[in-house]
Amino acid sequence: DVKVTQSSRYLVKRTGEKVFLECVQDMDHENMFWYRQDPGLGLRLIYFSYDVKMKEKGDIPEGYSVSREKKERFSLILESASTNQTSMYLCASTKVGGPQHFGDGTRLSIL
Amino acid sequence: AQTVTQSQPEMSVQEAETVTLSCTYDTSESDYYLFWYKQPPSRQMILVIRQEAYKQQNATENRFSVNFQKAAKSFSLKISDSQLGDAAMYFCAYRRFIQGAQKLVFGQGTRLTINP
């Protein structure tokens, strides 16, 4: 079975902090994604990566950056956390042409 | 730009009954995929069913089936013989390709409650 692991299930940080959310997949998938999930808005794509060191902005990239130094790991970075970034963050990965597999999500609170 | 709309924020159904969740989408493409995902309280997003736009036959997976109306851009999910374990958020999604990656566009979600 495909395993997508997000480093934290819950995370509490303070305004202005630099925050790292980590995601690791074990199936050699080319594509990886970061979404945020908010009530009434569904899932919205923040960034995606289609290969190592390659990244593309999604629909809501402002305030975020990403890093993909190794194929299995895709990190989401909040450069200076703000309260409006309190949300659920979901990571996903996929082989080209296949379905997306999701992690269990990180519920991030910014105080 | 592609959009996906789920007009039912919440639905409820009696156990063992049938329920239909609605989804409409907007696209100018002719070939695409549509998906229904389930998110139980455990938060794991689970793929329920997928439909390829070029296939006229509606997809079926056990108790789950879709009614795909391409001209109307409608993609509803029917759950037969509802079970307590079906309680979850359900998301409709459209898949498009960009920069060699397949991106999903999600609807707002429908929270399904199963009444025993």
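The notes below deal with the structure included here.

What counts and what doesn't
- Just so you know, the residues in each chain are numbered from 1, in the order the chain's sequence is written.
- Throughout, the order in which chains and ligands are written sets their labels, letters from A for the former and numbers from 1 for the latter.
- Only residues with pLDDT of at least 70 are given local features in this predicted model, and only at 80 or more are side-chain atom pairs given and counted; all residues enter the totals for whole chains, interfaces and linings.
- Only hydrogens and water are removed before side-chain values are computed, so all heavy atoms of the structure are retained for them.
- Numbering of helices and strands starts at the N terminus; helices are DSSP runs of H or I of at least 4 residues and strands are runs of E of at least 2.
- This radius of gyration counts C-alpha atoms alone. The globule rule is 2.2 Å times how many residues there are, raised to the power 0.38.
- Any two residues whose heavy atoms approach within 4.5 Å are treated as being in contact.
- Only the protein chains shown count as cover for residues, with accessible areas throughout obtained via the Shrake-Rupley method and a probe of 1.4 Å.
- His is not counted here, nor are the chain ends, while Lys and Arg score as positive and Asp and Glu score as negative.
- Think of each charge as sitting on NZ of Lys, CZ of Arg, CG of Asp or CD of Glu.
- Here's how the labels work: a residue is buried when its accessible area is under 20% of the maximum for its type, exposed when over 50%, partly exposed in between, all with a 1.4 Å probe on protein chains only.
- At least two bridges found by DSSP between two strands is the condition for calling them paired.

It is worth spelling out the overall build of chain B at this point. A tally of helices and strands in chain B yields zero helices and twelve strands. Taken from N to C terminus, the helices and strands of chain B fall in the order β-β-β-β-β-β-β-β-β-β-β-β. A globule of 116 residues ought to have a C-alpha radius of gyration of about 13 Å, and chain B, at 14 Å, matches this closely. The C-alpha extent of chain B, read off along each of the three principal axes, is 45 × 30 × 25 Å. Of all intrachain contacts in chain B linking residues separated by at least 6 positions in sequence, the fraction that spans at least 24 positions is 54%. Total accessible area computed for chain B in this model is approximately 5,600 Å², and 45% of it derives from carbon and sulfur atoms. A gap of 7 Å separates the mean positions of the 12 positive and 10 negative side-chain charges of chain B.

This next bit is on the pairing of strand β4 (residues 31–38) of chain A. Residue and element names in this part refer to chain A. Of all eight residues that make up β4, eight are buried, and the element is covered over most of its length. By the alternation rule, side chains of β4 split into Asn-31, Phe-33, Tyr-35 and Gln-37 and Met-32, Trp-34, Arg-36 and Asp-38, which are all buried. Note that β4 and strand β9 (residues 87–94) share seven bridges and pair antiparallel. Directly across from Met-32, in β9, lies its bridge partner Ser-93.

Turning to unusual backbone geometry, a few remarks are in order. Residue and element names in this part refer to chain B. The backbone phi angle of Ala-16 is positive, close to 80°, even though this residue is not glycine. Under the relative-accessibility criterion, Ala-16 is labelled partly exposed at 46%. Of note in this structure, Arg-43 is not a glycine but carries a positive phi near 80°. Along the chain, Arg-43 falls in the loop between β5 (33–39) and β6 (46–52). In this structure Arg-43 comes out as buried when scored by relative accessible area, which is 5%.

On to the environment of Glu-62 of chain A, then. Residue and element names in this part refer to chain A. Assignment of secondary structure puts Glu-62 in the loop between β6 (54–57) and β7 (64–70). The class of Glu-62 is exposed, set by a relative accessible area of 60%. For the pair Glu-62 and Ile-46, spaced 16 residues apart in sequence, the C-alpha to C-alpha distance is 8.2 Å.

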